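Residue strings, one per chain:
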Amino acid sequence: MNTSLIVTEFVQRYAEFWRKGAQDIQAVYAPDAILCGYEIVQARDRIAALLQGIYQQGFTDITLEPVEVVARPDSILMACRYRAQKGEEVLSAKSSYVLVESDGVWKIAMHTAT
């Protein structure tokens, strides 16, 4: 497993997911994923609804910067800084992810944002 390549590809895919309207949820989240942000939700349809609310507020660009990465045989743990942009307004915060391989692609099983 090439952890660096997996993380780089994931970060790019997640940024593209946001640029395209945060709608293709199955591209980045595993079916039974959990998101813990301003609400705690489980399952892609509920995560999609939450993220759509954020996107509709105007935060249409998100950039992840991995700070710490730990690889396990069946998962990758990532602690990141992220920037969400709404026009000229920039929100900087922290997020973490547990990535697992799902249908041959590394996707989010657990996502936290603060």
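Residues numbered from 1 in each chain as written. Predicted model: local features only at pLDDT ≥ 70, side-chain atom pairs only at ≥ 80, totals over all residues. Heavy atoms only, no water.

A. Structural detail: the pairing of strand β1 (residues 29-36). Pairing of β1 with strand β6 (residues 105-113), which is carried by four bridges, proceeds in the parallel orientation. Bridging across to β6, Y29 finds its partner in I108. As paired elements, β1 and strand β2 (residues 40-42) share three bridges and run antiparallel to each other. The residue of β2 that forms the bridge with C36 is I40. Connecting β1 to the antiparallel partner β2 that follows it, the hairpin turn spans three residues. (Pairing = 2+ DSSP bridges. Helix = DSSP H or I, 4+ residues; strand = E, 2+ residues; numbered from the N terminus.)

B. Representation of the pairing of strand β5 (residues 89-102) in the model. For strand β4 (residues 75-86) and β5, the ladder comprises 11 bridges, and the chain directions are antiparallel. Each residue of the ladder has a partner; that of K86, found in β5, is E89. The loop that links β4 with its antiparallel partner β5 comprises two residues; one of these, G87, has a positive phi angle of about 60 degrees. Of the pairings in the sheet, the one linking β5 to β6 comprises eight bridges and is antiparallel in character. Residue S95 lies in a different strand from β6, and its bridge partner there is A113. Between β5 and β6, which pair antiparallel and follow one another directly, the connecting turn spans two residues, one of which, D103, has a positive phi of 55 degrees.

C. The arrangement of the nonpolar core in detail. Residues F10, Y14, Y29, M78 and Y97 are the most contacted members of the largest nonpolar core, which totals 31 residues. Every element with two or more residues in this core is listed here: α1 (3-19), β1, α2 (44-56), β3 (61-72), β4, β5 and β6. Ranked by residues supplied to this core, first place goes to α1 with seven residues. Among residues more than four places away in sequence, those in contact with Y29 are Y14, R44, I47, L51, K107, I108 and H111. (Core = buried A, V, L, I, M, F, W, Y, C linked by side-chain atoms within 4.5 Å. Buried < 20%, exposed > 50% of the residue type's maximum accessible area, 1.4 Å probe, protein only. Contact = heavy atoms within 4.5 Å.)

None of the figures reported here should be taken as evidence of function without further support.
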